Amino acid sequence: MRIGIPKEIKNNENRVAITPAGVVALVNAGHEVLIEMNAGLGSSFTNESYQEAGAVIVEDAASVWSSTEMIMKVKEPISSEYKYFRKDLILFTYLHLAAEPALAQALKESGVLAIAYETVAVNRTLPLLTPMSEVAGRMAAQIGAQFLEKNNGGKGILLSGVPGVKRGKVAVVGGGMVGTNAAKIAIGLGADVTILDLSPDRLRQLDDIFGNELTTLISNPYNIAEAVKEADLVIGAVLIPGAKAPKLVTEEMVKSMSPGSVIVDVAIDQGGIFETVDHITTHDNPTYVKHGVVHYAVANMPGAVPQTSTVALTNVTVPFALQIANKGAIKAILENDALAKGVNVANGEITFEAVASDLGYNYVSVENALNPNNINA
Ligand SMILES: NC(=O)C1=CN([C@@H]2O[C@H](COP(=O)(O)OP(=O)(O)OC[C@H]3O[C@@H](n4cnc5c(N)ncnc54)[C@H](O)[C@@H]3O)[C@@H](O)[C@H]2O)C=CC1
Ligand SMILES: CC(=O)C(=O)O
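An unreviewed UniProt entry lists the protein under the name Alanine dehydrogenase, from Peribacillus butanolivorans. In the Catalytic activity (unreviewed entry) part of its UniProt record, the protein is described as follows: "L-alanine + NAD(+) + H2O = pyruvate + NH4(+) + NADH + H(+)". The UniProt entry for the protein carries the following comment under Pathway (unreviewed entry): "Amino-acid degradation; L-alanine degradation via dehydrogenase pathway; NH(3) and pyruvate from L-alanine: step 1/1."

Written as structure tokens, this is what we have:
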């Protein structure tokens, strides 16, 4: 199969969808890899390092998209890339379609076979989301600490406090990958950390991991309101796979926070959990202030630490890309339930139930969408 890797063009997106090691794996299996010139530079991979691994460097994005069967990306395509969509194209990338209605429409109309990293599922885990959630969760505590500094717009506290002065309070809503990693770093920074999750079993696991260093609370509107009101930093880390994130933190709750507090809405890629987060921010302009609270809502946080993120991401994506390339997409999907769960759009149909329901489309199962006879039957 011919596999194309365009340069990422989202604001400050420095990751790339493949490393030289990934190229070697694909080329050794008999595939061709075409990489847009300089696509790896943001992650410190030169054109020469890709060529030595066996890839072909292509000058422009249009040629990468038009001359390959599968495009591997990091971020969801932005509108200037929709023109490259076509019926016989496989797109393997993050998509977050519940929060991207225009992209969902463009993929449907074009007939692209779109496989979303974030919904590929093995049992109840999301292996292609996990490494970036680890990165973003760890960053969230770090970023929160930074914006709590007075010169960055915050109230001017050090999360650890110092002897004789109380510590800062961090509330993490959602105790999955992002939440656990945010808690780990916030605890490491010396903060007083509370985590809220819907699942009592998850809270038990977190209690086993962190012991008395972490307060666990069941997630309900009462507990969220209390925790948010007391917190200096609130981190949004909830996910219902594929679906638009629920607005768990209301405007009233945000108003109850003291001036100069900070919100980091990591779940913004699925629409965000704070009512007061009304737009996605960028690494160039990461925050805005509403009701006296600093809001951070960057949807590609790991793009700021590309040397870590690109390797972590491609460690998990390349084995799935190999399956698709080796078997052909349809056989690979039908033989691997994990990959089938990643399919969000096929043959003009939305094939992920939560996406269809959030965007108001009919849901068609992957098997039926891949076999048009079934749809008409
Ligand atoms: N902004 C960015 O750059 C990045 C954003 N993300 C996003 O972060 C979000 C979280 O991802 P993960 O931690 O990997 O998901 P996860 O599936 O590991 O964890 C989500 C947690 O939310 C909990 N949850 C569900 N409903 C809840 C509720 N009402 N109250 C409290 N908890 C609830 C679940 O029980 C689960 O423990 C996702 O939207 C993901 O796409 C991930 C990486 C980068
Ligand atoms: C998960 C995601 O969308 C990201 O890492 O940018």
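Caption draft 1: Expanded view of the sheet that holds strand 9 (residues 214-218). Read from one edge to the other, the open sheet built from seven strands follows the order 9-8-7-10-11-13-12, with strand pairing classed as mixed. Of all the strands in the sheet, just strand 9 and strand 12 (287-290) have a single pairing partner and so form its edges. Put simply, the sheet's adjacent strands are angled 20° from each other on average, direction ignored. One ladder, built from four bridges, connects strand 10 (residues 233-236) with strand 11 (residues 262-265); its direction is parallel. In the sheet register, Gly236 faces strand 11, and the bridge partner there is Asp265. The strands that helix 6 (residues 177-188) touches are strand 7 (169-173), strand 8 (192-197), strand 9 and strand 10; relative to strand 8, the one it contacts most, it runs at about 170°.

Caption draft 2: A look at the nonpolar core. Residues Ile35, Phe92, Val264, Met301 and Ile333 are the most contacted members of the largest nonpolar core, which totals 83 residues. In this structure Ile35 touches Ile5, Ile18, Val23, Tyr50, Ala55, Val56, Ile57, Val58 and Val64, once residues within four positions along its chain are discounted. Counting 26 residues, the second-largest nonpolar core is a separate cluster that includes Phe85, Leu91, Ala243 and Val355.

Caption draft 3: Just a nonpolar patch on the surface, in detail. Residues Leu158, Val162 and Val165 make up a contiguous nonpolar surface patch of roughly 280 Å² in combined accessible area. Within the secondary structure layout, Leu158 lies in the loop between helix 5 (130-147) and strand 7. You can call Leu158 exposed: its relative accessible area is 56%.

Caption draft 4: The arrangement of the site of ligand 1 in detail. Around ligand 1, a shell composed of 27 residues is seen, among which Ser133, Asp197, Ser219, Asp269 and Met301 lie nearest. A distance of 3.2 Å separates an oxygen atom of ligand 1 from a polar backbone atom of Ala299. Here an oxygen atom of ligand 1 sits 2.7 Å away from a polar atom, N or O, in the main chain of Met301. Look at ligand 1: alone it shows 870 Å² of surface, and the protein chains cover 88% of it. Looking at the shell around ligand 1, the elements with two or more residues in it are helix 5, helix 6 and strand 8. A breakdown of the residues in the shell around ligand 1 according to their chemical character gives 17 nonpolar, eight polar and two charged.

Caption draft 5: How the structure looks around the UniProt feature "active site" (unreviewed entry) in the protein. Look at the UniProt record and you will see "active site" (unreviewed entry) annotated at His96 and Asp269. On the basis of their most widely separated C-alpha atoms, the annotated residues across 174 residues gather in one place, lying no more than 6.4 Å apart. By the secondary structure assignment, His96 is in the loop between strand 5 (90-93) and helix 4 (101-110). Non-local contacts of His96, meaning those with residues more than four positions away in its chain, are made with Lys75, Glu76, Glu118, Asp269 and Gln270. Here Asp269 is to be found in the loop between strand 11 and strand 12. Here Asp269 is in contact with His96, Ala99 and Ala299, once residues within four sequence places are set aside. In terms of polar contacts, Asp269 uses its side chain to reach the side chain of His96, at 3.3 Å.

Caption draft 6: Highlighting the pairing of strand 9. Relative to strand 9, strand 8 is paired through five bridges, and the arrangement is parallel. Paired with Val193 across the strands is Leu214, a residue of strand 9. With respect to chirality, the unit in which strand 8 leads through helix 7 (residues 200-210) into the neighbouring parallel strand 9 is right-handed.

Caption draft 7: Spatial organisation of the side chain of Glu36. Along the chain, Glu36 falls in strand 2 (residues 32-36). Of the side chains bearing the opposite charge, Lys7 lies closest to the buried Glu36, which forms no salt bridge; the N-O distance is 7.1 Å. A distance of 2.9 Å separates a polar side-chain atom of Glu36 from the backbone nitrogen of Lys7. Beyond its immediate chain neighbours, meaning those up to four positions away, Glu36 contacts Ile5, Pro6, Lys7, Val58, Glu59, Asp60, Ala61 and Val64.

Caption draft 8: Representation of the environment of Gly328 within the structure. Relative to the elements of secondary structure, Gly328 occurs in the loop between helix 10 (306-327) and helix 11 (329-335). Distance from Gly328 to Met1, taken between C-alpha atoms, is 8.1 Å for residues 327 residues apart in sequence. In this view, Gly328 contacts Met1 and Gln323; residues no more than four positions away in its chain are not counted.

Caption draft 9: Summary view of the pattern of salt bridges. Under the criterion given, the structure shown has 15 salt bridges. Where Arg204 meets Asp201, a salt bridge forms, and the shortest distance between an N and an O atom there is 2.7 Å. Of this pair, Arg204 and Asp201 both sit in helix 7, three residues apart, which is roughly one turn of that helix. The exposure class of Arg204 is exposed, given its relative accessible area of 51%. For Lys327, the salt bridge identified is with Glu335, shortest N-O distance 2.9 Å.

Conventions we followed
Residues numbered from 1 in each chain as written. Chains lettered and ligands numbered in written order. Predicted model: local features only at pLDDT ≥ 70, side-chain atom pairs only at ≥ 80, totals over all residues. Heavy atoms only, no water. UniProt positions renumbered as here; feature names shortened; annotations may be inferred. Pairing = 2+ DSSP bridges. Helix = DSSP H or I, 4+ residues; strand = E, 2+ residues; numbered from the N terminus. Axes fitted to C-alpha atoms, helices over the stretch in contact; angles between N-to-C directions. Contact = heavy atoms within 4.5 Å. Core = buried A, V, L, I, M, F, W, Y, C linked by side-chain atoms within 4.5 Å. Buried < 20%, exposed > 50% of the residue type's maximum accessible area, 1.4 Å probe, protein only. Patch = residues over 30% accessible without salt bridge, like charges linked within 9 Å, V, L, I, M, F, W, Y side chains within 5 Å. Areas by Shrake-Rupley, 256 points an atom, 1.4 Å probe, with all protein chains shown as cover. Salt bridge = Lys/Arg side-chain N within 4 Å of Asp/Glu carboxyl O. Near = heavy atom within 4 Å. Polar contact = N/O pair within 3.5 Å; in protein donor to acceptor, adjacent residues only side chain to side chain. Nonpolar A, V, L, I, M, F, W, Y, C, P; charged D, E, K, R; others polar. Right-handed = clockwise from strand over helix to strand, strands pointing away. Lys, Arg positive; Asp, Glu negative; His and termini not counted.

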